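Below are the chains, spelled out letter by letter.
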Amino acid sequence: MDRIHRQDGVDLLTRTVAPGVALGGIIIGFGLALKGPLDGISHAEEAVNKDLAADRTGTWNTITAVWSQIGNTAGVIAVCIVVSSLLLWRTRDLPLALVAPVAIAMQGLNFLIAAKVVDRDRPQVEKLDASPPTASYPSGHEGASTGLYFAFALLALRIERAWLRWTTVILCLAMPLLVGFSRLYRGMHHVTDVSAGMINGAICALLAYGWYRHCASRRRRSPAPEPAAATRRRSPHHG
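About the cut-offs
Residues numbered from 1 in each chain as written. Predicted model: local features only at pLDDT ≥ 70, side-chain atom pairs only at ≥ 80, totals over all residues. Heavy atoms only, no water. Helix = DSSP H or I, 4+ residues; strand = E, 2+ residues; numbered from the N terminus. Buried < 20%, exposed > 50% of the residue type's maximum accessible area, 1.4 Å probe, protein only. Contact = heavy atoms within 4.5 Å. Areas by Shrake-Rupley, 256 points an atom, 1.4 Å probe, with all protein chains shown as cover. Lys, Arg positive; Asp, Glu negative; His and termini not counted. Charge placed at Lys NZ, Arg CZ, Asp CG, Glu CD. Patch = residues over 30% accessible without salt bridge, like charges linked within 9 Å, V, L, I, M, F, W, Y side chains within 5 Å. Salt bridge = Lys/Arg side-chain N within 4 Å of Asp/Glu carboxyl O. Core = buried A, V, L, I, M, F, W, Y, C linked by side-chain atoms within 4.5 Å.

## What to know about the overall build of the protein chain
(1) Moving on: When you go through the protein chain residue by residue, the secondary structure sums to ten helices and zero strands.
(2) Moving on: Reading the protein chain from its N terminus to its C terminus gives the helix and strand order α-α-α-α-α-α-α-α-α-α.
(3) Moving on: Dimensions of the protein chain, computed from C-alpha atoms along their principal axes, come out at roughly 85 × 40 × 25 Å.
(4) Moving on: Relative to its full complement of 239 residues, the protein chain shows a buried share of 43%.
(5) Moving on: For the protein chain, restricting intrachain contacts to residue pairs at least 6 apart in sequence, the fraction spanning at least 24 positions comes to 80%.
(6) Moving on: On the protein chain, roughly 12,900 Å² of surface is accessible, and the fraction owed to carbon and sulfur atoms is 66%.
(7) Moving on: In the protein chain, which carries 25 positive and 17 negative side-chain charges, the distance between the mean positions of the two groups comes to 14 Å.

Written out as structure tokens, the structure is:
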């Protein structure tokens with residue numbers, strides 16, 4: 001069993017962490033390009049934030065405040081811990097239970113480094129949320145919510161009842177979309193910030209899920225260990 005767990009750890013590094021680091025480099029490169037050769041995109045997408053800000057209403061301000069909280073770091077971590085703990089309790093499958101935490105951790109690392117390196121200003125409109133200390137690019141709310149709920153959507157494909165499976169998948173996929181719209185509406189991010197956050201979270205979830213599938217496949221191929229009693233019965237020195 002220890003050998004299996006060690007191999008799971010090696011596979012985690014090679015199949016998830018290493019490509020996740022490469023993804024972070026791509027996200028950083030695109031963010032720097034937005035402040036350089038792609039600066040025209042930055043100016044053009046300001047119009048989206050200004051149009052949304054001009055059409056704000058009290059009702060939508062309240063609705064988007066709720067949606068924005070779906071991607072709040074504390075909420076994402078709390079939901080992740082609860083659901084992952086339930087999965088571990090029900091399945092006793094550690095890699096399965098770690099899919100969402102690994103996705104959240106990887107996208108979070110990419111987000112923190114990219115935000116520090118790129119250091120992009122937030123949209124030039126009135127902001128309805130308090131600005132966190134991190135920069136605008138990429139969207140941390142969008143990355144966290146996508147990483148969490150896309151991971152849940154992938155895990156939900158295991159549900160046997162079709163109506164429950166697809167209802168769960170649709171609800172999980174809808175969550176990041178609600179968060180993304182709310183962050184644009186509330187003046188916290190540009191379109192490219194939200195898009196980069198979604199890509200970050202989705203790919204990290206896919207990498208984590210791929211690691212779990214590989215671990216599960218390797219376990220199916222490996223012969224189950226024989227009980228100690230059977231081993232003793234076959235030993236020529238026994239009895």
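So, next bit.
## Quick notes on a nonpolar patch on the surface
(1) Moving on: On the surface, L32, L109, I113 and V117 cluster together into a nonpolar patch covering about 320 Å² of accessible area.
(2) Moving on: Within the element layout of this structure, I113 appears in helix 6 (residues 99-118).

## Structural notes on the nonpolar core
(1) Moving on: If you look at the biggest cluster of nonpolar residues, it comprises 38 residues, and the most contacted ones within it are V99 and L148.
(2) Moving on: Of all the secondary-structure elements, those providing two or more residues to this core are helix 1 (2-34), helix 4 (73-91), helix 6, helix 7 (140-156), helix 8 (162-185) and helix 9 (191-221).
(3) Moving on: With near-sequence residues (within four places) excluded, L148 lies in contact with V76, V79, C80, A100 and I104.

## Overview of the pattern of salt bridges
(1) Moving on: Enumeration over the complete set of coordinates arrives at four salt bridges.
(2) Moving on: The salt bridge involving D193 is made with R120; its shortest N-O contact spans 2.7 Å. Taken together, the residues span a long stretch of sequence, with D193 in helix 9 and R120 in the loop between helix 6 and helix 7 at a distance of 73 residues. Residue D193 shares its accessibility class with R120, and that shared class is buried.
(3) Moving on: For D129, the salt bridge is made with R183, and the minimal N-O distance between the two is 3.0 Å. Here R183 lies in helix 8 and D129 lies in the loop between helix 6 and helix 7, a separation of 54 residues in the sequence. You'll find D129 and R183 in the same group, each marked buried.

What is shown is where atoms sit, not what they do.
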